[in-house]
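Secondary and tertiary structure notes
Single-letter residue listing:
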Amino acid sequence: LAKTTQPISMDSYEGQEVNITCSHNNIATNDYITWYQQFPSQGPRFIIQGYKTKVTNEVASLFIPADRKSSTLSLPRVSLSDTAVYYCLVGGFPGYSSASKIIFGSGTRLSIRP
Amino acid sequence: EAQVTQNPRYLITVTGKKLTVTCSQNMNHEYMSWYRQDPGLGLRQIYYSMNVEVTDKGDVPEGYKVSRKEKRNFPLILESPSPNQTSLYFCASKTTEGVNQPQHFGDGTRLSIL
């Protein structure tokens with residue numbers, strides 16, 4: 001199973017763009033990259049998922065280079081409500097063993113200041 | 001409303017007194033999983049289930065049992081709880097259809113074992 005490495009914490013200010021990078025050197029060919037957001041005392045919530053290049057949805061963008069050994073979650077114009085822990089996971093297609101057992105890393109604690 | 005429901009939300013009990021934390025999902029998901037979350041360690045998978053009567057160990061299964069007799073329910077059983085099982089527990093579910101669908105998490109159960 002691919003292990004992920006993220007910065008422990010990051011600070012930013014309201015209105016800024018925040019980029020959180022995740023390293024996953026041992027990613028497998030059938031692994032997808034998924035990011036979750038977690039607020040205190042709540043369960044993680046899905047943000048975005050991708051396989052390669054760039055994915056964008058209404059809350060974030062995910063950039064994945066060609067070698068797929070890292071990925072960057074980009075949060076545009078953050079607000080105080082984006083203060084949370086962000087987790088990067090890698091996993092494969094349903095039915096593959098790597099999709100069954102799931103490993104969360106320690107996550108990145110993002111703090112947004114006024 | 002699609003949801004994963006855990007009960008109880010909070011529990012304080014004593015060492016050795018058997019307890020069960022229930023988890024139920026209304027999305028007809030095949031995959032269900034239990035995690036524990038401890039400060040500085042992120043989420044660690046305890047057990048998971050690919051479908052009814054199919055369960056397997058995650059990274060930290062010691063001291064826990066699970067069962068999957070019905071698709072919607074996945075209870076976590078602590079036969080003889082100990083203080084090192086004091087933690088925040090999350091149940092999650094997801095479909096195994098399609099490509100690596102994200103997990104849906106419950107709101108958590110905070111257990112304190114004295």
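Notes on the structure follow. Everything quoted here is computed from the prediction, not taken from an experiment.

**Things to note about the overall build of chain B**
A tally of helices and strands in chain B yields zero helices and 11 strands. Reading chain B from its N end, one meets helices and strands in the order β-β-β-β-β-β-β-β-β-β-β. Against the globule reference of 13 Å for 114 residues, chain B gives a C-alpha radius of gyration of 13 Å, in line with a compact fold. Principal-axis analysis of the C-alpha atoms places the extent of chain B at approximately 45 × 30 × 25 Å. Contacts in chain B between residues far apart in sequence, at least 24 positions, make up 53% of those at least 6 positions apart. Summed over its atoms, the accessible surface of chain B is roughly 5,300 Å², and 50% of this surface lies on carbon and sulfur atoms. Positive and negative charge centroids in chain B, built from 13 and 11 side chains respectively, lie 5 Å apart.

**Side note on the interface of chain B and chain A**
Counting residues at the interface gives 26 residues for chain B, matched by 24 residues for chain A. In this assembly, chain B packs against chain A so that about 1,900 Å² is buried in total across both faces, 53% of it on carbon and sulfur atoms. When residues of the side of chain B that touches chain A are traced back to their parent elements, those giving at least two are strand S4 (31-38), strand S5 (42-51) and strand S9 (87-94) of chain B. Looking at the side of chain B that touches chain A element by element, the count peaks at five residues for S5 of chain B. Among the residues making up the side of chain B that touches chain A, the classes are represented as 10 nonpolar, 10 polar and six charged.

Criteria and thresholds
- Residues numbered from 1 in each chain as written.
- Chains lettered and ligands numbered in written order.
- Predicted model: local features only at pLDDT ≥ 70, side-chain atom pairs only at ≥ 80, totals over all residues.
- Heavy atoms only, no water.
- Helix = DSSP H or I, 4+ residues; strand = E, 2+ residues; numbered from the N terminus.
- Rg over C-alpha atoms; globule rule 2.2 N^0.38 Å.
- Contact = heavy atoms within 4.5 Å.
- Areas by Shrake-Rupley, 256 points an atom, 1.4 Å probe, with all protein chains shown as cover.
- Lys, Arg positive; Asp, Glu negative; His and termini not counted.
- Charge placed at Lys NZ, Arg CZ, Asp CG, Glu CD.
- Buried area = accessible area lost by both parts, 1.4 Å probe.
- Nonpolar A, V, L, I, M, F, W, Y, C, P; charged D, E, K, R; others polar.

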